[in-house]
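A structural walkthrough
Here is what each chain is made of, one letter per residue.
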Amino acid sequence: MEKNPTLTFKAALLTALLALFSLVAFAAPQGDCTDVTITGYMMADGMDLRDAVLVVELENNECLESSLQANGKFQFTIPANVKARLMFLKPGFLPKEVYLDTRNAMNNDRACQQNKKLEFDVKLEEALQHLNEKHAGPVGYITFVNGTGVMRIRHDQRMIEVISEEEALKNQDL
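These lines cover the structure that appears in this document, whether it is placed above or below. (Residues numbered from 1 in each chain as written. Predicted model: local features only at pLDDT ≥ 70, side-chain atom pairs only at ≥ 80, totals over all residues. Heavy atoms only, no water.)

Moving on, we come to the layout of surface pockets. One number sums up the size of the largest pocket: a volume of about 260 Å³. Phe-120, Asp-121, Ile-142, Ile-153 and His-155 are the residues nearest the centre of the largest pocket, which is lined by 16 residues in total. Of all elements in the fold, only β7 (96–101), β8 (117–123), β10 (140–144) and β11 (151–155) reach the threshold of two or more residues within the lining of the largest pocket. Looking at the lining of the largest pocket element by element, the count peaks at five residues for β8. Considering only residue class, the lining of the largest pocket consists of nine nonpolar, three polar and four charged. As a volume, the second largest pocket reaches approximately 160 Å³. Forming the boundary of the second largest pocket are Met-87, Leu-89, Leu-94, Pro-95, Lys-96, Glu-97, Lys-134, His-135, Gly-137 and Pro-138. Residue assignment for the lining of the second largest pocket shows that the elements contributing at least two residues are β6 (83–89), β7 and β9 (133–135). Its residues assigned to classes, the lining of the second largest pocket shows five nonpolar, two polar and three charged. (1 Å grid on protein atoms, 1.4 Å probe; cavity = no way out; pocket = protein on both sides within 12 Å on 5 of 7 lines; lining within 4 Å. Points joined across faces, edges and corners; volume = space filled by probe spheres on them. Helix = DSSP H or I, 4+ residues; strand = E, 2+ residues; numbered from the N terminus. Nonpolar A, V, L, I, M, F, W, Y, C, P; charged D, E, K, R; others polar.)

Okay, structure coming up:
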């Protein structure tokens, strides 16, 4: 009985293609890992937040749409692998900024499943309680560890003194 060399070659090629496909499917993150959905609450001493604003700005100066309800609940989606600046604003309250860097959020399947939805809250402080002060910079930094995709959060509540132009001119004259 004679073997057909063409059939053997086709079988070997099909086996190799199936093995390659299974390796690619196993190595690639499963599910939709192209976006990160951010949800949470903006709080301001139990006040109505209809006049509050949430600005989501991507590193390329593109602003994204975000929803902010009267109770402070917010939700928006940003692409994975970007840096974003989130600004939380309400008249009579100190503005707060949070930096979010999703560049390593989707490194592997586990990270993708854990990081495609993030939730955090932001509490605004009355400006009257911090006369002549402002936050030294962003109050929060959310990043992800390269390789593992583990989320890292850093808080910075430092305040700096702010002087008006009028006071600055007075100080120059002294």
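Turning our eyes to something else, we now look at the packing of aromatic side chains. Tallied over the full model, the rule gives four aromatic pairs. Ring pairs connect the aromatic residues Phe-74, Phe-76, Phe-88 and Phe-120, which therefore count as one cluster. The ring centre of Tyr-141 lies 4.1 Å from the NZ or CZ of Arg-154, which sits over that ring. (Phe/Tyr/Trp six-rings, centres within 6.5 Å; stacked < 30°, edge-to-face > 60°. Lys NZ or Arg CZ within 6 Å of the ring centre and 35° of its normal.)

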